[in-house]
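# Chains, contacts and geometry: an overview
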Amino acid sequence: QAITDADPFCGVDLPALSAWEFGSEDTAAVSQPVLSVLGAESERLFVDGAALLRSWLPQVEDLTVEGVGHLLQIQRAEPVARGIAEFFDRHPIAAD
């Protein structure tokens, strides 16, 4: 699936992500809990990004998956899915 999705990811998603601006001043509007998911073997760029997120948002919860890097959802899908499910159990989405 990753090979099939490579063209739209590189041609659409990455350019859109590069154009997106989100900084410390934007975080004031975020009141929802946030889950930061990181592989224990992630490269410094992702570790620094997670630290920046925690500095901006006081309601960040960390999920660190052991034995994987950036492709944690592919390398160890079960603990990632379990961690996300537990996060939503703690913070259910309420209907307005």
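What this report covers is the structure whose coordinates are included nearby.

### Considering the overall build of the chain
Across its full length, the chain carries four helices and two strands. Helices and strands in the chain line up, N terminus first, as α-β-α-β-α-α. Dimensions of the chain along its principal axes, counting C-alpha atoms only, are 35 × 35 × 30 Å. Among the 96 residues that make up the chain, the fraction classed as buried is 21%. Long-range contacts, defined here as pairs at least 24 residues apart, represent 67% of the contacts in the chain between residues at least 6 apart. Just so you have it, the chain exposes about 7,100 Å², and 59% of that area is on carbon and sulfur atoms. Looking at charge distribution, the chain has the averaged site of its 5 positive side-chain charges lying 11 Å from that of its 16 negative ones.

### Structural notes on the nonpolar core
Listed in full, the five residues of the largest apolar core are Leu63, Val65, Val68, Leu72 and Val80. Among all residues touching Val65, those that are not within four sequence positions of it are Leu38, Gly39, Ala40, Leu72, Arg76, Pro79 and Val80.

Reading the values: rules and limits
- Residues numbered from 1 in each chain as written.
- Predicted model: local features only at pLDDT ≥ 70, side-chain atom pairs only at ≥ 80, totals over all residues.
- Heavy atoms only, no water.
- Helix = DSSP H or I, 4+ residues; strand = E, 2+ residues; numbered from the N terminus.
- Buried < 20%, exposed > 50% of the residue type's maximum accessible area, 1.4 Å probe, protein only.
- Contact = heavy atoms within 4.5 Å.
- Areas by Shrake-Rupley, 256 points an atom, 1.4 Å probe, with all protein chains shown as cover.
- Lys, Arg positive; Asp, Glu negative; His and termini not counted.
- Charge placed at Lys NZ, Arg CZ, Asp CG, Glu CD.
- Core = buried A, V, L, I, M, F, W, Y, C linked by side-chain atoms within 4.5 Å.

From the geometry alone we can't say anything about function, so treat these as descriptive.
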